[in-house]
Amino acid sequence: MIPCKLFKHSLIALLLAFNIVGINSSVQAQTHEEKDVHAAAQHDEHAVAAHGEQKEKGFDAKEVILGHVKDAHDWHLMDLGSTPVTLPLPVIIYSPGKGLKVFSSSRFEHGHASYEGYRLVNAHYLHEKGLDASQYPDGKVIAVDANDNPTGEKIYDFSMTKNITSMLVAAIILVLLMLNVAKAYRVRGSKQAPKGFQSLIEPVIIFMRDEVVKPNIPGKHYEKYTPFILTIFFFILINNLMGLLPGSANVTGNIAVTAALAIISFIAILFSSNKHFWGHIFNPPVPFGVKFILAPVELIGVFTKPVSLAIRLFANILAGHIIILSIISLVFIFGSLSKIAGYGFLPVTIAFNIVMMMLELLVAFIQAFIFANLTAVFIGQAMEGGHDEHHH
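Report on the accompanying structure. This structure is a prediction, so every number in the text was calculated from the model and none was measured.

Notes on the overall build of the chain
Helix and strand counts for the chain come out as 12 helices and eight strands. Taking all contacts inside the chain whose residues are at least 6 apart in sequence as the whole, residues at least 24 apart take part in 64%. Accessible surface for the chain amounts to roughly 21,800 Å². Of this, 67% is attributable to carbon and sulfur atoms.

Pasting the structure below:
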């Protein structure tokens, strides 16, 4: 009973700390945005009027939320006073005219300078040049001329962004954790009771093998697919949990990342298919006249499976992050109206965020499980024809 209470109290304390850090991060993000707008106003002939309009505008929750969930060419970790602690990341650009260029993102000076004929688009640059934000998205690297104007040159961006770096960190953590568990089995053997981290991971592995992979993938095939399904599950889970940390990257809340994971699952499904599976797709066992209607529907269904995997994971994780940030933003929205209202709403915000963080912890596990489980189901369906034949 005491360990249970200690765990609950520790969890609540940890979530409370995350909320305080998250609120501080939102304050710093808003401060940096105001600095960017102020810098842009200095380049405009109506600087005083523009600055006055921005002051009246107050807190922009949309900009703060989108700034937290989108990808970036540098990794903002925290702020020490007014000094941001940022990890610059490698920028890797290829263009047919200039060839391959590799340099640090710090060369862009947070979007206030160009380097080697390239520029990082931000609100300051768009305001200065009077460009359309829909044509030049925030955070995109573009080619510029000597006067810092866009050239429209086609470039290929292979940069190590915040999401890519976070995925590499998650992959390293996954490898280290599994090597640690494997070493424990080699040293202690498989017949002794697990200890430490091994005792935490073993039930999860056994559950995924016996309740997810084995029931869905027929015969002995489940043995070769178990490592693949486990890798998907733990990789998504680690990224989901890392995304809840203050200053972390929104990896699984990015549609490009979830689409890449879904494509990997789709390739595994296609390689697992057999003639019986494709026979059911192109020649379904229905009356002849219905085949012409059902066959295209079945074929479309093959491609909608990975789409559903990508959108489900992306939408659930992104929605959770936006809700948490929206609740935090309420403090500053009320605070822009009255300081008393802002401080008065602070306890309510912290209470709501603790509940949401606990819910997001649950969602992190559920979404990793659903993605892995559906992948196993789809692989089993691709083998279904051969399984039916063997059964009969």
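Comments concerning the sheet that holds strand E7 (residues 141-143)
The strand order across the open sheet built from three strands is E5-E6-E7, with neighbouring strands paired in antiparallel fashion. Each end of this open sheet is capped by a strand with a single partner; those strands are strand E5 (114-115) and E7.

Topic: the packing of helix H5 (residues 162-188) against helix H7 (residues 221-242)
For any two helices packed against each other, one specifies the crossing angle of their axes together with the interaxial distance. Remark: H5 packs on H7, axes separated minimally by 9 Å, with the N-to-C direction vectors making an angle of 125°. Relative to H7, the element H5 is oriented oblique. By crossing handedness, the relation of H5 to H7 is classed as right-handed. Two secondary-structure elements touch here, H5 through Ser 166, Met 167, Val 169, Ala 170, Ala 171, Ile 173, Leu 174, Leu 177 and Met 178 and H7 through Thr 231, Phe 234, Phe 235, Ile 238, Asn 239 and Met 242. When grouped by side-chain class, the residues that make up the contact of H5 with H7 number 12 nonpolar, three polar and no charged.

Some remarks on the side chain of Ser 329
Relative to the assigned elements, Ser 329 resides in helix H10 (residues 288-337). In terms of polar contacts, Ser 329 uses its side chain to reach the backbone carbonyl oxygen of Leu 325, at 2.8 Å.

As for unusual backbone geometry
One non-glycine residue, Glu 116, lies in the positive phi region at around 55°. Among the structural elements, Glu 116 can be located in the loop between E5 and strand E6 (118-120). Although it is not a glycine, Asp 148 sits at a positive phi angle of roughly 70°. Residue classification places Asp 148 among the buried residues on the basis of a relative accessible area of 14%.

A closer look at the packing of helix H8 (residues 255-272) against H10
Between H8 and H10, the least distance of the axes is 8 Å, while the angle of their chain directions is 145°. For the pair H8 and H10, the sense of crossing is right-handed. Residues Ile 255, Thr 258, Ala 259, Leu 261, Ala 262, Ser 265 and Phe 266 of H8 touch H10, and the partners they reach there are Val 302, Phe 303, Pro 306, Leu 309, Ala 310, Leu 313 and Phe 314. Split by residue class, the contact of H8 with H10 holds 12 nonpolar, two polar and no charged.

With respect to H10
Here H10 spans 69 Å end to end across 50 residues, near enough to the 74 Å set by a 1.5 Å rise per residue. Of all the bends in H10, the largest measures some 35° and sits at Phe 303, one to four residues before the proline Pro 306.

What about the pattern of salt bridges?
Counted under the stated rule, the structure contains four salt bridges. The partner of Asp 138 in a salt bridge is Lys 70, and the shortest N-O contact between them spans 2.4 Å. Of this pair, Asp 138 sits in the loop between helix H4 (123-129) and E7 while Lys 70 sits in the loop between helix H3 (61-69) and strand E1 (74-80), placing them 68 residues apart in sequence. On the basis of relative accessibility, which here comes to 39%, the residue Asp 138 falls in the partly exposed class. Across the pair Glu 116 and Lys 101 runs a salt bridge whose closest N-O atoms are separated by 3.5 Å. Here Lys 101 lies in strand E4 (residues 99-104) and Glu 116 lies in the loop between E5 and E6, a separation of 15 residues in the sequence. Take Glu 116: its relative accessible area is 40%, and that puts it in the partly exposed class. Lys 101 sits in the partly exposed class, given a relative accessible area of 25%.

Criteria and thresholds
Per chain, the residues get numbers from 1 upward, laid out in the order the sequence is written. The predicted origin of the model limits local features to residues at a pLDDT of at least 70 and limits the giving and counting of side-chain atom pairs to 80 or more, whereas totals for whole chains, interfaces and linings rest on all residues. Here the side-chain values reflect all heavy atoms present in the structure, with hydrogen atoms and water set aside. Think of it this way: any DSSP run of H or I at least four residues long counts as a helix, any run of E at least two long counts as a strand, and we number them from the N terminus. The criterion used for residue contact is that any of the two residues' heavy atoms lie within 4.5 Å. Accessible areas in this description were obtained via Shrake-Rupley with a 1.4 Å probe; residue shielding takes into account the shown protein chains only. Any two strands with at least two DSSP bridges between them are considered paired. Working convention: axes come from line fits to C-alpha atoms, limited for helices to the stretch in contact. Angles between N-to-C directions cover 0 to 180 degrees. An angle below 35 degrees is treated as roughly parallel, one above 145 as roughly antiparallel, one from 65 to 115 as roughly perpendicular, and anything else as oblique. When the near helix sits turned anticlockwise from the far one by under a right angle, the crossing is termed left-handed; a clockwise turn instead gives a right-handed crossing. Polar here means any residue outside two lists: the nonpolar Ala, Val, Leu, Ile, Met, Phe, Trp, Tyr, Cys and Pro, and the charged Asp, Glu, Lys and Arg; Gly therefore counts as polar. Side-chain atoms alone can form a polar contact between residues adjacent in sequence; in general such a contact is a pair of N or O atoms within 3.5 Å, and within protein one must be able to donate a hydrogen while the other accepts it. Here's how the labels work: a residue is buried when its accessible area is under 20% of the maximum for its type, exposed when over 50%, partly exposed in between, all with a 1.4 Å probe on protein chains only. To estimate how far a helix should extend, the number of its residues minus one is multiplied by 1.5 Å. Note on bend: the value at a residue is the angle between axes fitted to the seven residues ending there and to the seven starting there. A pair is scored as a salt bridge if a Lys or Arg side-chain nitrogen falls within 4 Å of a carboxyl oxygen belonging to Asp or Glu.

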